[in-house]
Amino acid sequence: LSKTGLEIAPEAASLKEEVNITDGANGETRAVEEPTFKPCPNDGPGGLICCSYCTAAYSRFLSNTAKEMEIQSIAGVGQEVSEMLELLEDAKQRLRRCSEVSQSNEERRSLLEKSQVGIDSLIR
C-alpha cells in the first residue's frame, strides 16, 4: 500500500467481511438509525446541497469512502498477486526438479548407448 501513497489504511480496510448491525431484541439486521455525520450548524437537513459546511463535510465523507474502497480493492488484488506468486514459485520448483530428472535420465541413456556401441564392436 505504501507504493500507492496509502501508508495508513483506515480501520475498515482490514475487515474481512461486511459488518451488520443487529437488534439485540430479535436479532434482525437493520440499518444504523443514528446519523454518522455532524448535524448542520444552520439547522438544515445536511448533505450535499444543504450549505457550504455540509457540502464540504459530505464531500469529505464521500472522498474517505472512495479511499477506503480503493484500499480494499488494492489489498484484494495484492492478496491475489501474492497467491499467484506462491503458485508460480511452486511450479518453478517442480519444473526444476523435472528438468534435473530429465537431464539425469539423458546422461544415463547416453552412457547406455556408449556401452551398446562398445559391445557391438566387440561382437563383430
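Residues numbered from 1 in each chain as written. Predicted model: local features only at pLDDT ≥ 70, side-chain atom pairs only at ≥ 80, totals over all residues. Heavy atoms only, no water.

**A look at the overall build of the chain**
Then, number 1: Within the chain, the secondary structure is distributed over one helix and two strands.
Then, number 2: Listing every helix and strand of the chain by position from the N terminus yields β-β-α.
Then, number 3: Considering the chain as a whole, with its 124 residues, one finds that 6% of them fall into the buried category.
Then, number 4: Sequence-distant contacts, at least 24 apart, represent 32% of the contacts inside the chain between residues at least 6 apart. (Helix = DSSP H or I, 4+ residues; strand = E, 2+ residues; numbered from the N terminus. Buried < 20%, exposed > 50% of the residue type's maximum accessible area, 1.4 Å probe, protein only. Contact = heavy atoms within 4.5 Å.)

**Description of a nonpolar patch on the surface**
Then, number 1: A cluster of nonpolar side chains, L48, I49, Y58, F61 and L62, forms an exposed patch at the surface whose accessible area comes to about 520 Å².
Then, number 2: Summarising the element assignment, L62 is placed in helix α1 (residues 52–123). (Patch = residues over 30% accessible without salt bridge, like charges linked within 9 Å, V, L, I, M, F, W, Y side chains within 5 Å. Areas by Shrake-Rupley, 256 points an atom, 1.4 Å probe, with all protein chains shown as cover. Salt bridge = Lys/Arg side-chain N within 4 Å of Asp/Glu carboxyl O.)

**Points about the packing of aromatic side chains**
Then, number 1: This structure, assessed with the given rule, holds one aromatic pair.
Then, number 2: Relative to F61, the ring of Y58 has its centre 6.0 Å away and its plane inclined at 40 degrees; by these criteria the two rings are tilted. Of this pair, Y58 and F61 both sit in helix α1, three residues apart, which is roughly one turn of that helix.
Then, number 3: Y58 sits in the partly exposed class, given a relative accessible area of 33%.
Then, number 4: Owing to a relative accessible area of 42%, F61 belongs among the partly exposed residues under this scheme. (Phe/Tyr/Trp six-rings, centres within 6.5 Å; stacked < 30°, edge-to-face > 60°.)

**Here's the deal with the environment of Y58**
Then, number 1: Spatially, the C-alpha atoms of Y58 and L48 are 5.7 Å apart, while their sequence positions differ by ten residues.
Then, number 2: With residues near it in sequence (within four places) discarded, Y58 still touches G47 and L48.

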